[in-house]
Amino acid sequence: MTTRMFGAPITRREDPRLVTGHGHYLDDLGAGALEAAFVRSPHAHARVLDVDVSGALDIDGIVAVWTWEDLPGPAAEPLPMLLPHPSIEHPVTGRALAKDEVNHVGEPIAMVVATNRYLAEDAAQRIRVAYAHREPVVGVATARDAAHLVHEQAPGNVAAHLVQQVGNAPARIEAAPHVLELHLDMERSASMPLEGRGILARWDAEDGRLRVHASTQTSTGTRAALAAKLGLPLARVEVIAPDVGGGFGVKINHPWPEDICVAAAACRLQAPVKWTEDRREHFIGSAHERQQLQTVRVGFDDDGRVLGLDVEFWHDNGAYLPYGVICPLNTSTHLLGPYDIPHYRVEFWSLYTNTVIVTPYRGAGRPQGVFMMERTMDAIADALGKDRAEVRLVNFVREFPHPLGLLMQDGREGVYDSGNYPACLDELKDLVGWDDFQKYRARARAQGRRVGLGIACYVESTGAGPYEGGHIEVDTSGRIHVSTGLTTQGQGHETVFAQVVADELGVPIDMVRVTTGDTRQMSYSVGTWGSRGAVMSGNAVHLAARRVREKALRVAARALEADPVDLELVEGIVRVKGDPQAQIPLAMVAVLSNPLRYAFDDSARAATQFGGRADTTRPPIADDEEPGLEGTDFYSPLRSTFASGMHAAIVETDPESADIRVLRYCVVHDCGPMINPMVVEGQVHGGVAQGIGGALYERLVYDSSGQLLNASFMDFLMPFASEVPEIRTAHLETPSPLNPLGIKGAGEAGTIPGSAVIASAIEDAEGFPITRMPISPSELWDLRRRHAAGRWPSLHRT
Amino acid sequence: MSTPPHPQGWSPGAAPEPLRPVSLRVNGLEHRLDLPHRRLLSDALRHDVGLTGTHVGCEHGVCGACTVLLDGQPVRSCLVLAASAEGHEVTTVEGIGHDPQHPSPVQQAFIDCHGLQCGFCTPGLITTVHAYLDENPDPTPEEARTAVSGNLCRCTGYQNIVHAVRRAAHLRRGARTTEEPS
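### Focus: the overall build of chain A
Consideration 1: In terms of helices and strands, chain A carries 19 helices and 29 strands.
Consideration 2: The C-alpha radius of gyration of chain A comes to 28 Å, within 12% of the 28 Å expected for a compact globule of 798 residues.
Consideration 3: On the principal axes, the C-alpha backbone points of chain A span a range of 95 × 75 × 50 Å.
Consideration 4: Expressed as a percentage of its 798 residues, the buried residues of chain A come to 58%.
Consideration 5: Of the contacts formed within chain A by residues at least 6 apart in sequence, a portion of 81% connects residues at least 24 apart.

Here is the structure:
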């Protein structure tokens with residue numbers, strides 16, 4: 001028997017190419033293409049009075065200079081509102097190039113196309129823009145005060161407002177024996193992939209087609225948007241995501257202003273045009289996430305059981321709203337975590353500010369919800385003098401399916417499909433040494449050291465629809481070509497989808513090749529976001545492989561004069577069960593599946609009219625068959641599947657400097673059966689590093705005039721190896737009943753509870769509440785001073 | 001970024017940008033190029049020599065994705081002018097190992113340990129680790145972590161990269177004694 005590939009921690013098939021410099025990232029393509037650079041607003045809020053390009057035109061090597069007036073037809077109109085939602089009261093989106101106003105530093109105003117990027121940047125510096133300044137609105141508190149407006153058409157700076165409730169939370173809180181109110185605050189971070197955005201567009205005049213390579217998380221989305229903006233038939237536009245150097249959410253937004261400008265320029269100039277984003281542009285021109293102000297009211301009983309939960313929060317969505325309310329919606333619908341809380345009310349306002357737009361960054365609003373819930377659980381435990389794990393345990397959901405009564409980002413009700421939260425907690429306590437921690441702390445204290453233990457639990461809706469597809473073709477040499485439309489940014493799709501297909505077709509994995517994110521191969525797809533790659537495309541290629549397997553057995557049955565039910569497909573050979581002589585290789589099945597007139601090689605002779613195997617009483621292709629050994633299928637779920645997990649961390653805070661160090665970080669993770677545990681483990685590690693970064697180091701700092709003060713890798717502190725601890729992991733594998741493979745998503749999980757668990761641990765070390773993340777040593781130092789002066793409360797526990 | 005003054009007094013305008021001959025020795029091969037004075041080594045390697053394995057992540061010398069070896073020592077090629085690399089031996093990731101079927105011990109170690117995900121930072125880590133192990137053939141886990149702590153990776157959380165450093169050291173020792181990478 002072929003070794004089962006599902007579940008095998010095999011090394012990745014993309015790696016030999018990537019480690020030897022043979023990757024093809026966006027800027028590796030299009031040698032000799034014209035290159036674009038953009039003039040961007042240096043002001044956060046201004047009217048654009050005049051754009052004078054005359055200084056740029058006479059520079060040698062400049063091919064084109066465009067302002068808004070040069071954009072053709074729909075390309076000049078506002079960018080699409082990608083995700084309409086009933087809560088959106090005042091939708092405002094930007095434009096490919098600013099028309100008469102700018103709303104954040106970094107907003108593109110003009111494009112220069114030149115023979116190389118150096119010259120394009122030279123020319124961009126010669127373009128003079130006259131502005132009339134307006135009052136900038138920076139920070140969610142300022143936006144909420146609404147003394148000034150970002151957009152005149154959005155009173156109160158409100159883009160969207162939503163209330164969801166189940167039961168009657170205010171009444172239950174009113175009647176509860178204990179009530180707490182928490183005021184919490186999270187600040188901005190960003191995806192910050194090491195490869196920025198980029199696009200290469202080529203107009204093929206001979207074919208009349210636009211071919212676009214883009215560093216994107218959705219090639220089909222980019223394709224549809226570009227076709228609409230450029231007025232081209234969809235069939236005339238191809239979009240390919242080559243190797244992509246990380247995404248983490250930011251590359252799901254589309255079309256970017258630069259996408260439209262570059263593609264339109266390629267069509268107008270009839271030449272390849274490329275734009276490769278530089279790092280400063282990525283900081284001020286792409287997207288951020290996370291900032292919210294939050295208020296939680298909770299009523300609970302003597303055991304710590306939550307009786308009612310009432311949450312209000314204000315979400316900073318930046319200057320425009322192209323990605324709708326996905327982030328705050330996720331916050332509001334993931335807040336309940338693994339807890340059974342029948343009386344819940346949540347109200348949020350999504351507010352415009354004169355800062356970079358906010359679209360999903362790994363976790364996409366979920367970390368903020370988990371922060372609220374887990375800060376609340378710790379506060380309940382502290383108020384009652386109870387163990388923090390105990391309080392969580394009494395609130396766990398224990399029966400599945402568990403409907404939430406809330407509408408999720410896919411427009412469907414959230415229903416926890418499966419999970420085992422008590423077992424997850426037990427595993428975590430063992431892993432981190434929960435029950436021995438007080439002894440550990442006593443020993444540390446005796447050495448003058450200050451340590452704390454934190455915990456955070458979460459659930460994550462993964463694998464949202466609407467669908468993904470798989471196409472599989474077996475060629476006449478027996479090689480298996482698999483295509484799926486969603487894109488890859490490092491998740492190992494070339495490996496894990498091959499594992500799924502190799503199992504279903506009973507072939508060695510070396511025979512399987514996987515293509516992702518190429519609309520020429522698979523034009524129906526949604527994209528890579530929301531921890532959906534393995535669930536959606538994994539199941540789609542599984543279903544497609546099943547179709548190919550069934551067809552292979554039908555074709556082989558005719559050749560072997562057997563019944564398909566008596567056949568099996570093993571090691572690339574179809575054979576009659578129990579009769580090793582009666583067999584036919586899959587490659588020959590592929591030959592026979594396509595009746596031929598012309599023999600292009602020796603093997604093909606068998607499929608020609610005098611090849612000797614045809615049943616001349618029937619047409620060469622039966623009525624219900626198609627030529628070729630190939631199959632397509634789609635996976636479209638009823639609703640999302642819920643993965644879950646719990647993290648614990650031990651931190652040490654320096655008694656003098658307030659330096660914060662993570663000594664131990666433990667993860668128990670349940671994403672159902674794992675296709676490749678090594679890849680899942682890698683996803684968890686990387687997610688945890690981003691969670692720790694977001695908790696302790698990463699903060700995008702705007703001044704009151706809307707200037708981003710730390711728009712470089714020198715100043716925006718992403719963790720290096722020296723900041724990320726060794727991570728201990730354990731896995732549960734609770735299958736999902738919703739999909740054929742029983743799997744759940746894993747991409748975002750590691751990041752989601754990061755701020756919650758680190759806040760919990762610092763609070764435990766310091767003895768006073770931590771309510772704002774990220775937290776730096778200087779902020780902790782300041783909290784200590786306020787606490788010592790009696791201006792910051794103490795925890796009840798010692 | 002603002003453009004520094006040109007040594008020959010040229011500024012962007014109607015006159016083409018002056019070029020100068022630059023001879024770059026990359027991975028043992030001589031490349032005779034005509035480049036603008038301000039051409040960065042990273043751009044020259046990628047777009048003039050055509051070796052796109054060297055990646056550009058920040059263009060201000062922090063992320064380390066563009067790390068190449070100059071006479072065996074790691075440098076950030078985005079902070080080096082191409083012209084100033086004349087007379088030096090440049091080694092890129094392709095020079096460490098070019099053949100996907102026969103990766104170098106360091107490259108193999110990154111594969112074995114799942115030390116990469118998107119792969120964008122990886123070439124800079126491969127060159128860095130290669131040079132490090134030349135001088136430190138048997139690092140402890142702590143030393144291995146320090147060795148890669150000047151390179152940003154946004155995908156892996158570094159744990160598997162640290163493992164890969166030690167695995168690479170192991171493979172290199174094996175390669176030296178048996179002359180065959182295992």
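### So, the overall build of chain B
Consideration 1: Counting secondary structure elements, chain B contains six helices and five strands.
Consideration 2: Expected size for 182 residues packed as a compact globule is a radius of gyration near 16 Å; at 18 Å, chain B falls within 12% of this value.
Consideration 3: Along the first, second and third principal axes, the C-alpha set of chain B runs to 60 × 30 × 25 Å.
Consideration 4: Looking at chain B as a whole, 57% of its 182 residues qualify as buried.
Consideration 5: Across chain B, the fraction of contacts at a sequence separation of at least 24, relative to all contacts at a separation of at least 6, is 57%.

### Here's the deal with the interface of chain B and chain A
Consideration 1: In this complex, chain B contributes 55 residues to the contact, which on the side of chain A involves 50 residues.
Consideration 2: At the level of secondary structure, the elements contributing two or more residues to the side of chain B that touches chain A comprise helix 2 (93-96), helix 3 (105-112), helix 4 (122-135) and helix 6 (159-178) of chain B.
Consideration 3: Residue composition of the side of chain B that touches chain A, grouped by class: 27 nonpolar, 21 polar and seven charged.

### Brief notes about the confidence of the model for chain B
Do not read the fine detail of predicted coordinates wherever pLDDT is low.
Consideration 1: Taken as a whole, chain B shows an average pLDDT of 93; of its residues, 93% reach a score of 70 or greater.
Consideration 2: Note that residues 178-182 of chain B has pLDDT below 50 and, in this model, seven contacts with residues that lie over four places away or in other chains.

### So, the domain arrangement of chain B
Residue and element names in this part refer to chain B.
Consideration 1: Per the domain assignment, the segments making up chain B are domain 1 (19-96) and domain 2 (105-178).
Consideration 2: Using only C-alpha atoms to locate each centre, domain 1 and domain 2 end up separated by 22 Å.
Consideration 3: Contributions of two or more residues to the side of domain 1 that touches domain 2 are made by strand 3 (67-70), strand 4 (73-76) and helix 2.
Consideration 4: For the side of domain 1 that touches domain 2, the element with the most residues is strand 3, which contributes three residues.
Consideration 5: Partitioning the side of domain 1 that touches domain 2 into residue classes produces nine nonpolar, nine polar and no charged.

### Description of the domain arrangement of chain A
How big an interface is tends to be expressed through the accessible area that disappears when the partners come together.
Residues and elements named next belong to chain A.
Consideration 1: Entries for chain A in the domain assignment read domain 1 (32-383), domain 2 (396-463 + 640-798) and domain 3 (468-635).
Consideration 2: For domain 2 and domain 3, the distance between their C-alpha centroids amounts to 43 Å.
Consideration 3: Contact residues are listed per partner, giving 19 residues for domain 2 and 18 residues for domain 3.
Consideration 4: Taken together, the elements giving at least two residues each to the side of domain 2 that touches domain 3 come down to strand 18 (451-462), strand 26 (641-653) and helix 17 (677-696).
Consideration 5: Here the residues of the side of domain 2 that touches domain 3 are counted per class, giving eight nonpolar, eight polar and three charged.

### Points about the pairing of strand 18 of chain A
Taken residue by residue, a regular strand's side chains alternate between the two faces of the sheet.
Residue and element names in this part refer to chain A.
Consideration 1: Within strand 18, twelve of the twelve residues are buried, which leaves it mostly tucked inside the rest of the structure.
Consideration 2: Residues of strand 18 alternate between two faces, with Val451, Leu453, Ile455, Cys457, Val459 and Ser461 on one and Gly452, Gly454, Ala456, Tyr458, Glu460 and Thr462 on the opposite face, all of them buried.
Consideration 3: Bridge count between strand 18 and strand 26: twelve bridges; the pairing is antiparallel. Paired with Gly454 across the bridge in strand 26 is Ala649.

### Details of the packing of helix 9 (residues 326-334) of chain A against helix 10 (residues 366-384) of chain A
Residue and element names in this part refer to chain A.
Consideration 1: Between helix 9 and helix 10, the least distance of the axes is 7 Å, while the angle of their chain directions is 35 degrees. In terms of crossing hand, the pair formed by helix 9 and helix 10 is right-handed. On helix 10, the residues that touch Asn330, Thr331, Ser332 and His334 of helix 9 are Arg366, Gln368, Gly369 and Val370.
Consideration 2: Broken down by class, the residue content of the contact of helix 9 with helix 10 amounts to one nonpolar, six polar and one charged.

### So, unusual backbone geometry
Residues and elements named next belong to chain A.
Consideration 1: Across the junction of Phe400 and Pro401, the peptide omega takes the value 0 degrees, indicating a cis bond.
Consideration 2: Structurally, the position occupied by Pro401 is in the loop between helix 11 (388-395) and strand 16 (402-407).
Consideration 3: With an omega of 0 degrees, the peptide bond running from Met773 to Pro774 counts as cis.
Consideration 4: Counting through the fold element by element, Pro774 comes out in the loop between strand 29 (772-773) and helix 19 (777-788).
Consideration 5: Notably, Arg290 is not glycine yet its phi reads approximately 105 degrees, a positive angle.
Consideration 6: Along the chain, Arg290 turns up in the loop between helix 8 (279-285) and strand 13 (292-300).
Consideration 7: Here Ala658, not a glycine, exhibits a phi torsion of approximately 65 degrees, which is positive.
Consideration 8: If you trace the backbone, Ala658 turns up in the loop between strand 26 and strand 27 (660-670).

### Points about the packing of helix 3 of chain B against helix 4 of chain B
Residue and element names in this part refer to chain B.
Consideration 1: Their axes nearest at 9 Å, the elements helix 3 and helix 4 cross at an angle of 125 degrees. Considering their axes alone, helix 3 and helix 4 lie oblique with respect to each other. When the axes of helix 3 and helix 4 are compared, the crossing they make is right-handed. Here helix 3 contributes Val106, Gln107 and Phe110 to the contact with helix 4, which in turn contributes Thr122, Ile126, Val129, His130 and Leu133.
Consideration 2: Looking at side-chain class alone, the contact of helix 3 with helix 4 contains five nonpolar, three polar and no charged residues.

### Digging into the pairing of strand 10 (residues 209-214) of chain A
Residue and element names in this part refer to chain A.
Consideration 1: Looking at chain direction, strand 9 (residues 198-204) and strand 10 are connected through six bridges and run antiparallel. Residue pairing for strand 10: Leu200 is matched across the bridge by His213.
Consideration 2: Between strand 9 and strand 10, which pair antiparallel one after the other, the connecting turn spans four residues, and Gly208 there sits at a positive phi close to 65 degrees.
Consideration 3: Note that strand 10 and strand 11 (residues 237-240) share four bridges and pair parallel. Note on strand 11: the bridge partner recorded for Val212 is Val239.

### What to know about the sheet that holds strand 5 (residues 89-91) of chain B
Remark on secondary structure: sheet strands pair via backbone hydrogen bonds, oriented parallel or antiparallel.
Residue and element names in this part refer to chain B.
Consideration 1: Spatially, 2-1-5-3-4 is the arrangement adopted by the five strands of the open sheet, whose pairing is mixed. Lying at the two open borders of the sheet, with one neighbouring strand each, are strand 2 (29-36) and strand 4. Pairwise comparison of adjacent strand axes, ignoring direction, gives a mean angle of 45 degrees for this sheet.
Consideration 2: Of the pairings in the sheet, the one linking strand 1 (residues 19-26) to strand 2 comprises eight bridges and is antiparallel in character. Bridge pairing in strand 2 places Arg25 opposite Glu30.

### Here we look at the sheet that holds strand 15 (residues 344-352) of chain A
Residues and elements named next belong to chain A.
Consideration 1: Read from one edge to the other, the open sheet built from six strands follows the order 7-15-14-13-8-29, with strand pairing classed as mixed. Since the sheet does not close on itself, it has two edges, and those belong to strand 7 (158-166) and strand 29, each with one partner.
Consideration 2: Both strand 13 and strand 14 (residues 306-318) contribute to a ladder of nine bridges, which runs antiparallel. Each residue of the ladder has a partner; that of Gln294, found in strand 14, is Phe313.
Consideration 3: Here helix 9 sits on the sheet and contacts strand 7, strand 13, strand 14 and strand 15; the angle it forms with strand 15, its principal contact strand, is near 160 degrees.

### Comments concerning the environment of Gly645 of chain A
All names here are of chain A.
Consideration 1: Relative to the assigned elements, Gly645 resides in strand 26.
Consideration 2: Judged by the 30 C-beta atoms lying within 10 Å of it, Gly645 is buried.
Consideration 3: Along the backbone, Gly645 and His731 are 86 residues apart, and their C-alpha atoms lie at a distance of 8.9 Å.
Consideration 4: Residues contacting Gly645, with those up to four places away along its chain left out, are Cys424, Tyr458, Val667, Val668, His669, Asp670 and Ala749.

### Here we look at the nonpolar core
Nonpolar side chains in soluble globular proteins tend to be buried together.
Residues and elements named next belong to chain A.
Consideration 1: Of all hydrophobic cores here, the largest spans 297 residues; its most connected members are Ala36, Val112, Ala263, Val501 and Val589.
Consideration 2: Counting residues per element, this core draws most heavily on helix 15 (residues 533-560), which supplies 14 residues.
Consideration 3: Not counting residues up to four positions away in its chain, the partners in contact with Val501 are Ile472, Ile480, Val482, Val512, Val541 and Ala545.

Scoring rules and cut-offs
- Residues numbered from 1 in each chain as written.
- Chains lettered and ligands numbered in written order.
- Predicted model: local features only at pLDDT ≥ 70, side-chain atom pairs only at ≥ 80, totals over all residues.
- Helix = DSSP H or I, 4+ residues; strand = E, 2+ residues; numbered from the N terminus.
- Rg over C-alpha atoms; globule rule 2.2 N^0.38 Å.
- Buried ≥ 20, exposed ≤ 12 C-beta atoms within 10 Å, placed from the backbone.
- Contact = placed C-beta atoms within 7 Å.
- Nonpolar A, V, L, I, M, F, W, Y, C, P; charged D, E, K, R; others polar.
- pLDDT = per-residue confidence, 0-100.
- Domains from an automatic or database assignment.
- Pairing = 2+ DSSP bridges.
- Axes fitted to C-alpha atoms, helices over the stretch in contact; angles between N-to-C directions.
- Left-handed = near helix turned anticlockwise from the far one by under 90°.
- Parallel < 35°, antiparallel > 145°, perpendicular 65-115°, else oblique.
- Core = buried A, V, L, I, M, F, W, Y, C linked by C-beta atoms within 7 Å.

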